[in-house]
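Summary of structural features
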Amino acid sequence: MPKAKIVRVEPLNPSEEAIREAAEILKSGGLVAFPTETVYGLGADAFNPEAVLKVFKVKRRPLDNPLIVHVSSLDMLQQVASEVPERVVKALSIAWPGPLTVVVKRKSTLPEVVSGGLDTVAVRSPAHPVALKLIEAVGRPLAAPSANIAGRPSPTRAEHVVEDLGDEIDMILDAGETFFGVESTVVDLVSPSPQILRPGPLGPEELEKIFGVKFGLPPYARGLSSYEERPPSPGMKYRHYAPSKKLVLVEKGSCDTTTYFEFLMKQLESYLKDFPALIATKETVDEVRSKLGDSLTYFTLGSRENLFEVAKNLFSTLRILDKYGRVSIAISESVEERGIGLAIMNRLRKASSERITCKQKQL
Ligand code: TXA
Ligand code: MG
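Residues numbered from 1 in each chain as written. Chains lettered and ligands numbered in written order. Predicted model: local features only at pLDDT ≥ 70, side-chain atom pairs only at ≥ 80, totals over all residues. Heavy atoms only, no water.

**Brief notes about the site of ligand 1**
Note the following rule: Residues are classed as near a molecule or strand on a simple rule: at least one heavy atom within 4 Å of it. Any pair of nitrogen or oxygen atoms within 3.5 Å is treated as a polar contact; in protein, a donor-acceptor pairing is required on top of that, and neighbouring residues in sequence qualify only through side-chain atoms on both sides. The Shrake-Rupley method, run with a 1.4 Å probe sphere, supplies the accessible areas, and residue values consider only the shown protein chains as cover. The helix count covers DSSP runs of H or I at least four residues long, the strand count covers runs of E at least two residues long, and both are numbered beginning at the N terminus.
As a structural note, the neighbourhood of ligand 1 is formed by 25 residues, with Thr38, Asn65, His70, Ser184 and Arg198 the closest of them. Between Arg124 and ligand 1, the recorded distance is 3.0 Å, taken from a side-chain N or O atom to an oxygen atom. Between ligand 1 and Arg198, the relevant distance is 2.9 Å, taken from an oxygen atom to a side-chain nitrogen or oxygen of the residue. A total of 690 Å² of accessible area belongs to ligand 1 in isolation, and the protein chains cover 97% of it. Residue contributions to the shell around ligand 1 peak at four residues, all from strand 6 (residues 120-124).

This is the structure in structure tokens:
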């Protein structure tokens, strides 16, 4: 039995009693994991520095990797941020509540530990009824990173939170599987030109529609470069989501679909003696299975035609892979870098221990 009290709640209509109990714990400096529409968060009262420090400690998160502050309204944003331009407030009135985190100037009254010493703060208003009701019941913003041990895949089910933090925290509100399965899109609105820091469910096209400007997408936001080049948050230099098994990401690169499939097959065949696992879309799994049969293990993420489904299954698949005794190496397919596909590729690149890229032969 984990130490944390686990309470099941209806995602759309959580019991008031459960919300009240969780809010009391948070008000008195405790830690509560709660569902959001992206992943489960580990909440603490953002204005209680000891509680926030506890979050870093139980997650084993370096203190220079800042947390996201969760608010239930635009008014609450003003408690943690300063000098938010009117055009940003207007855009947020469209995007919130939703899977969008904005990095803006920090209000000096917000404890520094929340922002890892930066003069900016990351804020979002989650679209999950349980999260919103909980923030409202506390009446204060909640600092809440994903509720996993640092470096592990973010939790998309309460069971994942129990696995990582069940004995370290006070309560877990269990509302079943989260909706998107990847963390929110994080954008930097304090740099001279707006940048995507971490791709998520809201893609560049949607951001442009909401804010009326184009957002930059630096290589580290695609999970590409090393972080030597000074990302805006020191936290972005840390490796993420890495399973304990070897994970080889096979990138499509400049190849057409047929050449890429042949390249992927070649990689799989070269590892066959190790009894590898394939992590891929349903279409690819079906095709590979018809050729290689039971000589490998298959993890299906969902249809290539629905990248939201692929995103939703990604983290739980990485967790299953870790526990799957027979497999010591996994080969992952890549997906198209558009919309939520950008978020999937960012996470896969950060999770992989090796990347191999297909190159189209010139005629
Ligand atoms: O969907 C989500 O965003 C989830 C749910 C629980 O809301 N939360 C989440 O938090 O993913 P976390 O702490 O795991 O990720 C926060 C990310 C990190 O990459 C961190 O470096 C970045 O946001 N971040 C936080 N504050 C920042 C700041 N002031 N400037 C730049 N990046 C910041
Ligand atoms: Mg996280």
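**Regarding the state of the cysteines**
The test is simple: Disulfide assignment relies on a single distance test, namely cysteine sulfur atoms paired within 2.5 Å. Exposure is judged per residue with a 1.4 Å probe applied to protein chains only, and the accessible area is read against the type maximum: over 50% gives exposed, under 20% gives buried, and values in between give partly exposed.
Evaluated as defined, the whole model comprises one disulfide. A sulfur-sulfur separation of 2.0 Å characterises the disulfide bridge that pairs Cys255 with Cys358. Judged by the torsion about the S-S bond (-90°), the Cys255/Cys358 disulfide is left-handed. Of the two residues, Cys255 sits in the loop between strand 11 (246-251) and helix 8 (257-270) while Cys358 sits in the segment after strand 15 (354-357), which places them 103 residues apart along the sequence. Summarising the burial analysis for this pair, Cys255 and Cys358 share the class buried.

**Concerning the sheet that holds strand 12 (residues 277-280)**
Selection rule: For two strands to count as paired, DSSP must find a minimum of two bridges between them. Every axis corresponds to a line fitted to the C-alpha atoms, with the helix fit spanning only the stretch in contact, and the corresponding angles, defined between N-to-C directions, vary from 0 to 180 degrees.
If you trace the five strands from one edge of the open sheet to the other, you get 13-12-14-11-15, paired in parallel fashion. The open sheet has two free edges, formed respectively by strand 13 (297-300) and strand 15, since each of these has just one partner strand. Neighbour-to-neighbour, the strand axes of this sheet turn through a mean angle of 20°, independent of strand direction. Bridge count between strand 11 and strand 14 (residues 329-332): four bridges; the pairing is parallel. Bridging across to strand 14, Leu247 finds its partner in Ala330.

**Here's the deal with the pattern of salt bridges**
Selection criterion: Any carboxyl oxygen of Asp or Glu that lies within 4 Å of a side-chain nitrogen of Lys or Arg is treated as forming a salt bridge with it.
Across all of its chains, the model carries 25 salt bridges by this definition. Residues Asp170 and Lys3 are paired through a salt bridge, measuring 4.0 Å at the closest nitrogen-oxygen approach. Note that Asp170 is positioned in the loop between helix 6 (158-165) and strand 8 (171-174) and Lys3 in the segment before strand 1 (5-8), a separation of 167 residues in sequence. Given the relative accessible area of 29%, Asp170 is considered partly exposed. Relative accessible area serves as the criterion here: at 51%, Lys3 is assigned to the exposed category. Arg349 is paired through a salt bridge with Glu337; the nearest N and O atoms lie 3.0 Å apart. Taken together, the residues span a long stretch of sequence, with Arg349 in helix 11 (residues 341-351) and Glu337 in the loop between strand 14 and helix 11 at a distance of 12 residues. One connected set of salt bridges, linked through shared partners, spans Arg152, Glu163, Asp164, Arg319, Asp322 and Lys323.

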